[in-house]
Amino acid sequence: MTLPPDLPALPLPEGIRTRHVDNHNGLTMHVLEAGWQDRTRPALLLLHGFPELAYSWRKAMLPLAQAGFHVIAPDQRGYGRTTGWDPRYDGDLAPFRMLNLARDAVGLLHALGRRSVHAVIGHDFGSPVAAWCALTRPDVFRSLVLMSAPFGGPPALPFDTADGAGAAPAPARAGASDPSAALAALPRPRKHYQWYYSTREADGDMRNCPQGVHAFLRAYYHHKSADWAENRPYPLAGWEAAELAKMPTYYVMDRDETMPQTVAHVMPTDAQIAACTWLTDAEMRVYSAEYARTGFQGGLQWYRCGTSGRFVSEMQLYGGRAIDVPSTFIAGSSDWGVYQKPGELERMRTTACTDMRSVDLVDGAGHWVQQEQPQAVVSLLQRFLSRVA
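What follows is about the overall build of the protein. Counting secondary structure elements, the protein contains 16 helices and ten strands. For the protein, the spread of C-alpha atoms along the three principal axes comes to 60 × 50 × 40 Å. Split into buried and exposed, the 389 residues of the protein put 59% on the buried side. The long-range share in the protein, meaning contacts at least 24 apart out of those at least 6 apart in sequence, stands at 78%. With an accessible surface of roughly 15500 Å², the protein has 52% of that area assigned to carbon and sulfur atoms. Averaging the positions of the 37 positive and the 39 negative side-chain charges in the protein gives two centres separated by 4 Å.

In structure tokens form, the structure reads like this:
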């Protein structure tokens, strides 16, 4: 993926700069920064999710810089104005695997002259990347903020299997098994969005949808936000089809619909769009212009790494290891992402993170918590960051 020479500048608040940095792992990363003027400041690394960009942190960056931090937010591998990644469905998946995404982060920090950061903060798919950063390099990532996606720990290895007696297979984890057949067999046939995102057709479905990328993304963001009144999440009993089917269709889709068709059912009205102050139409156009240019495949490769199971074995090297740095979890109270993997929230609180300081659910926010309720999120971040060394 390369950049055209005539890209317009992003509409960023004064005090946020943008530049490109070689991360020494094959990427030229597009990075937003605030508070860069003083290199003695402690740093924060902010990692976005799907379908987002570094731009998703625009409302939090200046307040965090004003609190005394050098704030760094890159477009991650496969996204936005970062280059050096392969946009082809049939390209090599390995660069998009979780441990290499953590390597991307370390390489960027080293390029910026940072041997450590005060905290790594990840939202949505950026949350597991942040978790793997803290799990594998606690010397670099001194504390951890997970947002909207709990981390239940690395996959376990089977234990005590050599002699048979007392053998304990690796425990089943939510998301580890393909639910497609069971979901398709329901009276109302369904499919899981992560397995849909792993199909060859998904990128084209979204990139070339009849309503256009802008309208598609508007409906997608609306559907997963607190603005959609039907987002009333609750814990699910387990990773079984009947339980998963209780989730909204942006997570467990109707079998014969694409994602653009799914969210078109809840497309907000012109009046609702005009009233959406947390994501104005001009701000939405930043996302739609970038995704119309790049497509979605770069982000979709991350899902394929998970659903394919190809990289579980290297992650099992860390099986049984917990995150020991101070950590916290923040999400919207209307965010189904908190519960989409049954049991993951509890594992995060009890075993995956040994120093989990708090779990905060923010009222008036769905999945896009740092955009929907930026002041509340910044306040929670400042409280946590002030209490960790």
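Read on, since the account is not over.
Let us now look at the pairing of strand β2 (residues 28-34). Burial of β2 is extensive: six of the seven residues sit out of reach of the surface. Pairing analysis gives seven bridges linking strand β1 (residues 16-22) to β2, with the strands arranged antiparallel. Note on β2: the bridge partner recorded for T18 is L32. Adjacent in sequence and paired antiparallel, β1 and β2 are bridged by five residues, among which H24 carries a positive phi angle near 60°.

Its place among the elements puts V266 in the loop between α9 (259-264) and α10 (270-274). Ignoring any residue separated from it by four or fewer positions in sequence, one finds V266 in contact with A219, H222, H223 and W228.

Looking now at the nonpolar core. Counting 128 residues, the largest nonpolar core has F141, Y197 and M259 as the members making the most contacts within it. With eight residues, helix α2 (residues 98-111) is the single largest residue contributor to this core.

Let us now look at α2. Between its first and last C-alpha atoms α2 spans 20 Å; for 14 residues at 1.5 Å apiece the expected length is 20 Å, and the two agree. Listed in full, the buried residues belonging to α2 are M98, L99, N100, L101, A102, D104, A105, V106, G107, L108 and L109. One or two steps after α2, the chain reaches G113, where phi turns positive at roughly 80°.

Our next topic: the pattern of salt bridges. The tally for this structure, following the rule as stated, stands at 20 salt bridges. A salt bridge links R218 to D281, with the nearest nitrogen and oxygen atoms 3.8 Å apart. In this pair, R218 is assigned in helix α7 (residues 213-223) and D281 in helix α11 (residues 281-294), connecting sequence segments 63 residues apart. Of the residues examined, R218 reaches a relative accessible area of 4% and is grouped as buried. For R347, the salt bridge is made with E344, and the minimal N-O distance between the two is 2.8 Å. Of the two residues, R347 and E344 are both situated in helix α14 (residues 344-352); the distance of three residues between them amounts to about one turn of the helix. Classification of R347 by relative accessible area gives partly exposed; the value is 22%.

How each quantity is defined
Residues numbered from 1 in each chain as written. Predicted model: local features only at pLDDT ≥ 70, side-chain atom pairs only at ≥ 80, totals over all residues. Heavy atoms only, no water. Helix = DSSP H or I, 4+ residues; strand = E, 2+ residues; numbered from the N terminus. Buried < 20%, exposed > 50% of the residue type's maximum accessible area, 1.4 Å probe, protein only. Contact = heavy atoms within 4.5 Å. Areas by Shrake-Rupley, 256 points an atom, 1.4 Å probe, with all protein chains shown as cover. Lys, Arg positive; Asp, Glu negative; His and termini not counted. Charge placed at Lys NZ, Arg CZ, Asp CG, Glu CD. Pairing = 2+ DSSP bridges. Core = buried A, V, L, I, M, F, W, Y, C linked by side-chain atoms within 4.5 Å. Expected span 1.5 Å × (residues − 1). Salt bridge = Lys/Arg side-chain N within 4 Å of Asp/Glu carboxyl O.

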